[in-house]
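# Residue-level structural notes
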Amino acid sequence: MKPSFLFFFLLFFQILQAQNFAIGHRTEILIDASRNNREIPVEVYYPALITGDDAAFATGAFPLVSFGHGFAMGVDVYTNITDFFVPKGFIFLMVNTETSLFSPSHPDFGLDLNFALSAMQAKGVLSASPYFGKISDKTAIMGHSMGGGAAVLAAAANQTLNALILMAPAVTNPSSITAAPQATAPAIVFSGDGDAVVTPTDAHVPIFNGLNATCKHFISILGGGHCYYGNSAPFTCDLGETVSGSTITITREQQQSIFYDFALPMMELNLKNDASKWESFKDSLQNSTRINSVINCPDDFAALQDFDASDLLIYPQPAHSQLEVVLPNNGNVSGIYELWNSVGQKINSETAFISNTFSISLEDLPAGIYVFVLENNRARISKRFIVMH
């Protein structure tokens, strides 16, 4: 029997689905009014229909990943990361602040990483914005070296993150080690065992041990170094690697391949609720000859992620005096909710609910961007909303 037209149509559709997206790019200058109108330049790379500046978005809504660069480096060092992850369906916010060789502010960098997420989420719900309807409710922070330490500071102040990805995180001022217990997002820490720039024992391991995440993984890359997560930076990171005495036995391409292979499934699980790769991911962690790993995660973690933000409806957008919450459930549900402001501060205590529909008064809240966080026995999910009076 010859294959039917429907067979070929479905096959063609599956091929299209499997293809990577093109990479679109826009430059945004975000303004944080709460810090004297601080300007935060961000290079935005997003899934697009064609490659190029201001290209049309691909169909769908995509998770946001705010990225922190290393000391004295700009975001251009990390084009390999955007080239790999963006076609897989992620929006990367490459935050280009604190690039100076002289006394970069780690607290400001952490605040910038968080503000980029909240500001872009706000653009995603405004009908006049090119990002309208293109940004999902899932957010992550990724950072390398100084940017990894700043990512810990950001995560400690942002309880709505869905994932934290750290590459050779450095000890910042204030200390990322001290801040780590306040960071609760699912996390993965990458550490090259030949890294002498920021050594695993001085930084990567204590940061990992301090993270207060239900699910966290530590991946020690055998023969890996400090700078190989990004492209070559001869006069900054690479120079530091040379003079520090790092003992690297693999190539830059090999280290990046290891990073991609383990970061991607973790991100797909936590940012897209794709549990299909969870078992093979765990198996690779336990059996790979390229890494040593520490796994601190419940066996049923993937199953707990099936309560997606798409199950949660909050309206109107923007809201005025009242926010309506709807959980599409056949019966009543129970749990708690919290409200957070745009800089990661909780503005109400945990409030219990026992129904799948309820209202929240907003009359006492000033205009601005807020985050609604819901938690029950299945998951913790969040959605941003805007208050306008």
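It should be emphasised that the depicted structure is a prediction, and the values quoted were computed from it without experimental measurement.

### Quick word on the overall build of the protein
Helix and strand counts for the protein stand at nine helices and 17 strands. In the protein, which comprises 389 residues, the share counted as buried stands at 55%. Put simply, the protein shows about 16800 Å² of open surface, and 55% of that area lies on carbon and sulfur atoms.

### Comments concerning the packing of aromatic side chains
If you walk through the whole model with that rule in mind, you get 20 aromatic pairs. On the numbers, 5.9 Å between centres and 50° between planes, the contact of phenylalanine 259 with tyrosine 260 is tilted. Measuring from centroid to centroid gives 5.7 Å for tryptophan 278 and phenylalanine 281, while their planes differ by 35°, and the two rings are tilted. Of this pair, tryptophan 278 and phenylalanine 281 both sit in helix α9 (residues 278-287), three residues apart, which is roughly one turn of the helix. Neither tryptophan 278 nor phenylalanine 281 differs from the other in exposure class; each is buried.

### Overview of the packing of helix α3 (residues 106-124) against helix α4 (residues 146-156)
In contact at an axis separation of 8 Å, α3 and α4 are set at 70° when each is read in the N-to-C sense. Compared by their axis directions, α3 and α4 come out roughly perpendicular. Pair α3 / α4 crosses with right-handed handedness. Between α3, through His106, Pro107, Phe109, Gly110, Leu113 and Asn114, and α4, the contact on the second element is made entirely by Met146, Gly147, Ala150, Ala151, Leu153 and Ala154. The residue inventory of the contact of α3 with α4, partitioned by class, reads eight nonpolar, four polar and no charged.

Calculation criteria
- Residues numbered from 1 in each chain as written.
- Predicted model: local features only at pLDDT ≥ 70, side-chain atom pairs only at ≥ 80, totals over all residues.
- Heavy atoms only, no water.
- Helix = DSSP H or I, 4+ residues; strand = E, 2+ residues; numbered from the N terminus.
- Buried < 20%, exposed > 50% of the residue type's maximum accessible area, 1.4 Å probe, protein only.
- Areas by Shrake-Rupley, 256 points an atom, 1.4 Å probe, with all protein chains shown as cover.
- Phe/Tyr/Trp six-rings, centres within 6.5 Å; stacked < 30°, edge-to-face > 60°.
- Axes fitted to C-alpha atoms, helices over the stretch in contact; angles between N-to-C directions.
- Parallel < 35°, antiparallel > 145°, perpendicular 65-115°, else oblique.
- Left-handed = near helix turned anticlockwise from the far one by under 90°.
- Contact = heavy atoms within 4.5 Å.
- Nonpolar A, V, L, I, M, F, W, Y, C, P; charged D, E, K, R; others polar.

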